[in-house]
Amino acid sequence: MAKLITKYAPSVLLSVTQLNNDSEKKWNWRKDYVGEPGCLSIFESVKTYPGKRFVYMNCYFFGDLTTTCGEIVINKDLLTITTKNSKYEFKIGQELKFCQKSEKAETELSD
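None of the values given here were measured: they were computed from a predicted structure.

Participant: What am I meant to see in the overall build of the chain here?
Facilitator: A count of helical and extended segments in the chain gives 2 helices and 8 strands. Taken from the N to the C terminus, the helices and strands of the chain come in the order β-α-β-β-β-β-β-β-β-α. In the chain, which comprises 111 residues, the share counted as buried stands at 39%. Here the chain displays about 6,800 Å² of accessible surface, and carbon together with sulfur accounts for 52% of that area.

This is how it looks when you write it as structure tokens:
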């Protein structure tokens, strides 16, 4: 299971850049999330990659986006995560310091 670190809402994926040599057809699905608003969560892997962090974004209209583990940098209202395959840049909203019981499943993602 992965441990929830924090959440930001509303947030939006501003851009995604390919960093690997995958074919465009295999990689391109990530671009579908650009411009989608949602609630962005930062998780820390407990089992698979202990201590490494990843992003999970529950998009309001399109579905969910989960990155692989990578380096996260936050600069004011911009969050960048650089993974093995991609670099994602999000505009983040207000940090949410609470978690309701109804969100329990979201606080315990598989990693």
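Participant: Any chance you could explain the side chain of T80 here in plain terms?
Facilitator: Looking at where T80 falls in the secondary structure, it is placed in strand β6 (residues 78–82). With residues near it in sequence (within four places) discarded, T80 still touches E71, I72, V73, K87, Y88 and E89.

Participant: Please clarify how the confidence of the model for the chain should be interpreted in this entry.
Facilitator: Atomic detail in the predicted coordinates should be set aside for any region of low pLDDT. Residues of the chain with pLDDT of at least 70 account for 87%, and the chain-wide mean is 88. In this model residues 100–105 is a low-confidence stretch, pLDDT under 50, and it forms 2 contacts with partners more than four residues away in sequence or in other chains.

Participant: Which parts of the structure should I look at to understand the pattern of salt bridges?
Facilitator: When their charged atoms lie close together, side chains carrying opposite charge are able to pair. Tallied over the full model, the rule gives 2 salt bridges. A salt bridge links R53 to E44; its shortest N-O distance comes to 3.0 Å. Among the residues examined, R53 registers a relative accessible area of 33% and is labelled partly exposed. In this structure, D77 engages K91 in a salt bridge whose closest nitrogen and oxygen atoms are separated by 2.6 Å.

Participant: What is the right way to read unusual backbone geometry from this model?
Facilitator: The bulk of non-glycine residues show a negative phi, and the bulk of peptide bonds are trans. A cis amide bond links A9 with the next residue in sequence, P10, at an omega value of -10°. One non-glycine residue with positive phi stands out, namely K76, at about 60°. Tracing the chain through its elements places K76 in the loop between β5 (71–75) and β6.

Participant: I'm lost on the packing of aromatic side chains in this one. Help?
Facilitator: Between two aromatic rings, the relevant description is the distance of the centres plus the angle of the planes. Tallied over the entire structure, the rule returns 6 aromatic pairs. Ring centres of F43 and Y56 lie 6.3 Å apart, and the angle between their planes is 80°; on these two criteria the pair is classed as edge-to-face. With F43 in strand β2 (residues 37–45) and Y56 in strand β3 (residues 53–59), this pair connects stretches of sequence that are 13 residues apart. For F43, a relative accessible area of 0% translates into the label buried. Judged by relative accessible area, Y56 falls into the buried class, the value being 9%.

Participant: Even after reading the chapter, I still don't get the nonpolar core, so can you show me in this structure?
Facilitator: Considering soluble globular proteins, one finds that nonpolar side chains tend to be buried as a cluster. In this structure, L40, L65, L79, Y88 and F90 are the most contacted members of the largest nonpolar core, which totals 16 residues. Of all the secondary-structure elements, those providing two or more residues to this core are β1 (2–18), β2, β3, β6 and β7 (86–91). The contacts of L65, once residues within four sequence positions are left out, are L13, W29, Y33, V55, Y56, M57, Y88 and F90. Residues L4, F43, F54 and Y56 belong to the second largest nonpolar core, which totals 5 residues.

Parameters at a glance
- Counting of residues starts from 1 at the beginning of each chain's written sequence and follows it residue by residue.
- Totals for whole chains, interfaces and linings use every residue, but because this is a predicted model, local features are given only for residues with pLDDT of at least 70 and side-chain atom pairs only at 80 or more, for both listing and counting.
- Values reported for side chains reflect all heavy atoms of the structure, with hydrogen atoms and water molecules removed beforehand.
- Helix numbering and strand numbering both begin at the N terminus, where a helix is a DSSP run of H or I of at least 4 residues and a strand a DSSP run of E of at least 2.
- Between buried and exposed lies partly exposed: a residue is buried under 20% and exposed over 50% of the maximum accessible area for its type, with that area taken using a 1.4 Å probe on protein chains only.
- Throughout, the Shrake-Rupley method with a 1.4 Å probe supplies accessible areas, and for residues the shown protein chains are the sole cover considered.
- Contacts are assigned to residue pairs that have any heavy atoms within 4.5 Å of one another.
- How sure the predictor is of each residue is captured by pLDDT, a score from 0 to 100.
- In what follows, salt bridge is the name for a side-chain nitrogen of Lys or Arg lying within 4 Å of a carboxyl oxygen of Asp or Glu.
- Aromatic pairing here means that ring centres of Phe, Tyr or Trp (its six-membered ring) are within 6.5 Å. Orientation follows from the plane angle: under 30 degrees is stacked, over 60 is edge-to-face, and everything else is tilted.
- The set of buried Ala, Val, Leu, Ile, Met, Phe, Trp, Tyr and Cys residues whose side-chain atoms join them within 4.5 Å is what this entry labels a nonpolar core.

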